[in-house]
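Each chain is listed here by its residues.
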Amino acid sequence: MSENYIPLYRKYRPQNLKEIVGQEHIKHALSSAIELNKFSHAYLFTGPRGTGKTSTARILAKSLNCQEGPTLTPCEKCPSCLNIKNSNPIDVIELDAASNRSVEDAQNILEKVQYAPVNGKFKIYIIDEVHMLTTHAFNALLKTLEEPPKNVIFILATTEPHKVLETIISRCQRFDFRRITTQDIVNHLKYVSEQEKINIEEDALFTIAKNASGGMRDSLSLLDQLSVLNGSKAITTEDVNSLLGRLSFDTLKQLTDFIVNSDAEGGIEYIEKIYNNGNEPTQILTNLLAYLKNLLIIKNCQKEDLLLDLTLLSKPQIDDIKTQIKNLETHQITFLIERTSYYIKEVKNTTNQHLWLEIAIIDLANLTQNTTLADLQERITKLEMGEVAELPQHTYNVSAPKVSAPKPQPEKIETKPEINKEIKEETKEEVVATNNIEEAKEETMPLSKVSKPANNDLKELWISLLQNISSSSAVALLSQHTKPVEISEENIIISCKEIFFKILSSESKKAAIEEGARKLFNKPVKVEIQTSSAQDFAEEKKNITVKPAKSSPKPVQSEEEKNEENFDENEYIDYEIAKSQAPTNSAQSDQVSMVMKLFNGKMMG
């Protein structure tokens, strides 16, 4: 490097408030304070690195100590201005709190505070990275910051204001420096490029600005580094990405295409090319994460101006992404972002980063399969249509009568005839519902869709309707305890026993019937449930049976299975009621005797 060479970030450091890039709110406040001659004895400048905190502190010191000052335009000729420009610590002392953080350093400052300024009007202390001071050093400065000697000003600068004691912050005027906008950085880089005669494309300047994260110093440093490539050919975005080790937009788009299309094989092959070009796995996944973030923003934002600001992409690139995410949903992109973030952590903590990079690409390429909201809603609908209604807690197993009669209760339960009747009705409903579900599990098979019969026979239509219902519990109830009144493309009216009306009118059962009707007639059909007396079902139950679409040969029944098939549910309900009212002695009631005789049971002591 030439002895006369000065890095760009130092050469183009602003020398007055007007030259500061961005920070309009701070420039306006400090300009007003200087014009009105109202300035504080302590300032606190906070904000990200490279946003102009130290430069502004120097400009403020120069404006206050200039022989023509306080002024907004320092003369740059007087001894005070020259000393500040050349960093000669006479009246303006700059300290780095990172290396001067002890209480002894703070006491050294306090000892020199008492001396009057030499050339300027004020003695100004600029303490950079002030958050690095120890608590004891802060406490040593506390009283002086509150009531400093006349003509002494403290300017504290930090990137982490939360680490500064609240008692220090409360004694300062605080100014928060913001990140410089991308457009402001690009405009300044254009100016510097013209002054230095650097041949660089505007897209490359945008890439530099986006990589700087709002810091002007980082942008100028990167431009300075790229200037060595200056020649007849302009510096391009590819040159910037190559220098930074970043993937280009086209590379990330192609990689994301493999992931979105669930092409794991293509993704692995492509990632090998990227890796062999010298890109590190962590950098690859980090760039992919930033690209997926832009996908999420473009998916959920419609305003063009907002998209340009948030994504920092050009309009053609945004249009390319819109085409890419046409078949993607927000939750899919979000999940890809979460998984990519997870693999970034894994890659950083492993010794075999290339292995985890390949695992990450394979995993990401399989996350978009069958995960659309439409697929999920369809699965949920199928589960809801086929779910078994929740039974009451007091259920009864139909195989109970095979075992011996129950042991008599120690106490006799006295109930009134009206209560007996209510218990009997409730018990019947519970037992029958349980019995139907058990029968459905044993006797029904999954039914495929059956087309509408050629004729309009009510019996044939009824059987076809039942075969189109996917819920086994609904088929069991309908086939055993209901009969059709009307089946047409407009209405389906079903009559049932009164004890089953509430069950069949529930949302799940009615939805199952409507679904079967929709499959049968290929259109929505209104379904109505009516009640009827038990005698109306005797003949209908014998004549109408439901045959599954596919049936297997029925095995030879044992004697116990024959008894179970001929078992009358009403007798079993009477048995259950009798069980709850059994006397304390060992005498057998008529119902118990009947059940024991029917199932060849015996009393167990």
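Because the structure is predicted, anything quoted here is derived from the model rather than measured.

**Q** Provide a residue-level description of the overall build of the chain, including the pertinent values.
**A** When helices and strands are counted, the chain shows 28 helices and eight strands. Of all 605 residues assigned to the chain, the portion counted as buried reaches 41%. Considering only residue pairs separated by 6 or more positions, the chain has 75% of its internal contacts joining residues 24 or more positions apart. Taken as a whole, the chain presents about 33800 Å² of accessible surface, with 48% of it coming from carbon and sulfur.

**Q** An account of the packing of helix α12 (residues 249-260) against helix α14 (residues 281-300) is requested, with residue identities and associated values reported.
**A** At a minimum axis separation of 10 Å, α12 and α14 run at an interaxial angle of 75°. In this view, α12 runs roughly perpendicular relative to α14, as classed from their interaxial angle. From α12, Phe-249, Leu-252, Lys-253, Leu-255, Thr-256 and Ile-259 reach across to α14, where they touch Asn-287, Leu-288, Tyr-291, Leu-292 and Leu-295. Residues that form the contact of α12 with α14 fall into these classes: eight nonpolar, two polar and one charged.

**Q** An account of the pattern of salt bridges is requested, with residue identities and associated values reported.
**A** Counted according to the given criterion, the structure contains 13 salt bridges. Linking Lys-190 and Glu-202 is a salt bridge whose minimum nitrogen-to-oxygen distance equals 3.1 Å. Of this pair, Lys-190 sits in helix α8 (residues 182-196) while Glu-202 sits in helix α9 (residues 202-211); the two residues are 12 residues apart in sequence, bridging distant segments of the chain. For Lys-190, a relative accessible area of 28% translates into the label partly exposed.

**Q** Help me get a handle on the sheet that holds strand β4 (residues 152-158), residues and values and all.
**A** The parallel open sheet is built from five strands, whose spatial order is β2-β3-β4-β1-β5. Edge positions in the sheet fall to β2 (92-96) and β5 (173-176), since each of these pairs with one other strand and no more. Each neighbouring strand pair of the sheet contributes to a mean axis angle of 15°, computed without reference to strand direction. Judged from the six bridges that link them, strand β3 (residues 123-128) and β4 form a sheet pairing that is parallel. Bridge pairing in β4 places Ile-126 opposite Ile-155. In the packing of helix α2 (residues 24-36) onto the sheet, contacts are made with β1 (42-46) and β5, and the angle to β5 comes to roughly 150°.

**Q** Quick one: what's the story with the nonpolar core, residue by residue and with numbers?
**A** Generally speaking, a soluble globular protein has its nonpolar side chains buried in company with each other. With 36 residues, the main nonpolar core has Leu-285, Leu-288 and Ile-321 as its most contacted residues. Apart from residues lying up to four places away in sequence, Leu-288 is in contact with Leu-252, Leu-255, Thr-256, Ile-259, Thr-340 and Leu-364.

**Q** Lay out the sheet that holds strand β8 (residues 526-532) in plain terms, naming residues and giving numbers.
**A** Taken together, three strands build an open sheet; the order of strands is β6-β7-β8 and the sheet is mixed. Taken across any chain shown, the strands that pair with only one partner, and hence form the sheet edges, are β6 (482-487) and β8. The mean angle between the axes of side-by-side strands here comes to 25°, regardless of whether they run parallel or antiparallel. As paired elements, β6 and strand β7 (residues 491-497) share five bridges and run antiparallel to each other. When the sheet's bridge partners are listed, Thr-482 is paired in β7 with Cys-496. Packed on one face of the sheet, helix α21 (residues 458-467) meets β6 and β7 and runs near 110° to β6.

**Q** Break down the state of the cysteines for me, citing the residues and quoting the values.
**A** Tallied over the entire structure, the rule returns zero disulfides. Looking at Cys-75, it has no disulfide partner, and the nearest cysteine sulfur is the one in Cys-78, 3.5 Å off.

**Q** Please give an account of the confidence of the model for the chain that cites residues and values.
**A** Low-pLDDT stretches of the model should not have their predicted coordinates read in fine detail. A residue-level look at the chain finds 73% of positions with pLDDT of 70 or above and a mean pLDDT of 76. Under a pLDDT of 50 for its full length, residues 437-448 has, in the predicted model, 20 contacts with residues more than four places off or in other chains.

**Q** Provide a residue-level description of the pairing of β7, including the pertinent values.
**A** Counting buried positions over the seven residues of β7 gives six, a clear majority of the element. Between β6 and β7, which pair antiparallel and follow one another directly, the connecting turn spans three residues. Both β7 and β8 contribute to a ladder of seven bridges, which runs parallel. Considered in β8, the bridge of Ile-494 is made with Ile-529.

**Q** Lay out helix α6 (residues 135-146) in plain terms, naming residues and giving numbers.
**A** End to end, α6 covers 16 Å across 12 residues, agreeing with the expected 16 Å (1.5 Å per residue, within 8%). Regarding α6, the residues found buried are Ala-137, Phe-138, Leu-141, Leu-142, Thr-144 and Leu-145.

**Q** Could you give me a rundown of the pairing of β2, with the residues and numbers involved?
**A** Look at any regular strand and the pattern is simple: side chains alternate between the two faces of the sheet. Pairing geometry for β2 and β3, over five bridges, is parallel. Bridge pairing in β3 places Glu-94 opposite Ile-126. In this fold, β2 hands off to helix α5 (residues 103-113), which returns the chain to β3; that crossover is right-handed.

**Q** Can you explain the packing of aromatic side chains? Please cite residues and give values.
**A** As enumerated under the stated definition, the model contains 11 aromatic pairs in all. Here the aromatic rings of Tyr-43 and Phe-45 are separated by 6.3 Å at their centres, their planes lie at 50°, and the arrangement is tilted. Summarising the burial analysis for this pair, Tyr-43 and Phe-45 share the class buried. Among the aromatic residues, ring-to-ring pairing joins Tyr-43, Phe-45, Phe-175 and Phe-177 into one connected group.

**Q** Run through unusual backbone geometry, naming residues and quoting values.
**A** Despite not being glycine, Asn-37 has its phi angle at roughly 60°, a positive value. Along the chain, Asn-37 turns up in the loop between α2 and β1. Residue Ser-262 is not a glycine yet carries a positive backbone phi of 55°. Note that Ser-262 resides in the loop between α12 and α13 (264-276).

**Q** Go over the environment of Glu-201, please, and point to the residues and values.
**A** The topology assignment puts Glu-201 in the loop between α8 and α9. In the structure, Glu-201 is positioned 34 residues away from Ile-235 in sequence and 6.0 Å away in space, judged by C-alpha atoms.

**Q** Now, about the environment of Lys-210: what can you tell me, with residues and values included?
**A** Note on placement: Lys-210 falls in helix α9. In this structure, the C-alpha to C-alpha distance between Lys-210 and Thr-311, residues 101 residues apart in sequence, is 9.6 Å. Those residues within four positions of Lys-210 in sequence are excluded, and the remaining contacts are Thr-182 and Leu-312.

**Q** Report on the environment of Asp-203, specifying residues and quantitative values.
**A** The residue Asp-203 is located in helix α9 in this model. Here the alpha-carbon distance between Asp-203 and Ser-314, two residues 111 residues apart in the chain, equals 9.0 Å.

**Q** Talk me through the packing of α14 against helix α16 (residues 315-324); I want residue IDs and the actual numbers.
**A** Between α14 and α16, the least distance of the axes is 10 Å, while the angle of their chain directions is 80°. Judged on the interaxial angle alone, α16 and α14 are roughly perpendicular. Between α14 and α16, the residues in contact are Tyr-291, Asn-294, Leu-295 and Ile-298 and Ile-318, Ile-321, Lys-322 and Gln-324, respectively. Classifying every residue of the contact of α14 with α16 by side-chain character gives five nonpolar, two polar and one charged.

Calculation rules
Residues numbered from 1 in each chain as written. Predicted model: local features only at pLDDT ≥ 70, side-chain atom pairs only at ≥ 80, totals over all residues. Heavy atoms only, no water. Helix = DSSP H or I, 4+ residues; strand = E, 2+ residues; numbered from the N terminus. Buried < 20%, exposed > 50% of the residue type's maximum accessible area, 1.4 Å probe, protein only. Contact = heavy atoms within 4.5 Å. Areas by Shrake-Rupley, 256 points an atom, 1.4 Å probe, with all protein chains shown as cover. Axes fitted to C-alpha atoms, helices over the stretch in contact; angles between N-to-C directions. Parallel < 35°, antiparallel > 145°, perpendicular 65-115°, else oblique. Nonpolar A, V, L, I, M, F, W, Y, C, P; charged D, E, K, R; others polar. Salt bridge = Lys/Arg side-chain N within 4 Å of Asp/Glu carboxyl O. Pairing = 2+ DSSP bridges. Core = buried A, V, L, I, M, F, W, Y, C linked by side-chain atoms within 4.5 Å. Disulfide = S-S within 2.5 Å. pLDDT = per-residue confidence, 0-100. Expected span 1.5 Å × (residues − 1). Right-handed = clockwise from strand over helix to strand, strands pointing away. Phe/Tyr/Trp six-rings, centres within 6.5 Å; stacked < 30°, edge-to-face > 60°.

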